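# Examining the three-dimensional arrangement
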Amino acid sequence: MNFSSSAMIFIGLFLIGGVVSFAKQKLKLAAVVTGVLSALALTAGVMWWQ
């Protein structure tokens, strides 16, 4: 596990918190966009994890 994968996984987890926050505020579009970005960041982190 290198720094890049750790950073991307951290960013993905941070964005999941944003999804929860936007969902509580009833901002669906922002929650969906943040969820997609979170999924992309987590996927990148897992793919770099070698």
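Not measured: the values here are computed from a predicted model.

Let us look at a nonpolar patch on the surface. Nonpolar side chains collect at one region of the surface, where Leu29, Val32, Val33, Val36, Leu37 and Leu40 lie side by side and expose about 580 Å² of accessible area between them. Summarising the element assignment, Leu29 is placed in helix H2 (residues 28-48). Look at Leu29 and you get exposed, because its relative accessible area is 66%.

Outside of glycine, negative phi angles account for most residues, and trans bonds account for most peptide bonds. With a phi close to 65°, Lys26 is a non-glycine residue in the positive phi region. Here Lys26 is to be found in the loop between helix H1 (3-24) and H2. Lys26 gets classed as exposed once you look at its relative accessible area, which sits at 71%.

Attention now goes to H2. Here H2 is 21 residues long and its end C-alpha atoms lie 30 Å apart, about the 30 Å a rise of 1.5 Å per residue gives. Those residues of H2 that fall on the buried side of the exposure criterion are Ala31, Thr34, Ser38, Ala41 and Gly45. Each buried residue of H2 lies within a common arc of 95° when the element is viewed along its axis, so the set occupies one face. Along H2, the residues that are exposed and aim more than 90 degrees away from the buried face are Lys28, Leu29, Val32, Leu40 and Met47. Taken together, the buried residues of H2 touch H1.

Let us now look at the side chain of Ser5. In this structure, Ser5 sits in helix H1. The exposure class assigned to Ser5 is buried, which follows from its relative accessible area of 0%. A polar side-chain atom of Ser5 sits 3.0 Å from the main-chain carbonyl oxygen of Asn2. Among all residues touching Ser5, those that are not within four sequence positions of it are Gly45, Trp48 and Trp49.

Analysis parameters
- Residues numbered from 1 in each chain as written.
- Predicted model: local features only at pLDDT ≥ 70, side-chain atom pairs only at ≥ 80, totals over all residues.
- Heavy atoms only, no water.
- Patch = residues over 30% accessible without salt bridge, like charges linked within 9 Å, V, L, I, M, F, W, Y side chains within 5 Å.
- Areas by Shrake-Rupley, 256 points an atom, 1.4 Å probe, with all protein chains shown as cover.
- Salt bridge = Lys/Arg side-chain N within 4 Å of Asp/Glu carboxyl O.
- Helix = DSSP H or I, 4+ residues; strand = E, 2+ residues; numbered from the N terminus.
- Buried < 20%, exposed > 50% of the residue type's maximum accessible area, 1.4 Å probe, protein only.
- Expected span 1.5 Å × (residues − 1).
- Arc of directions from axis to C-beta.
- Contact = heavy atoms within 4.5 Å.
- Polar contact = N/O pair within 3.5 Å; in protein donor to acceptor, adjacent residues only side chain to side chain.

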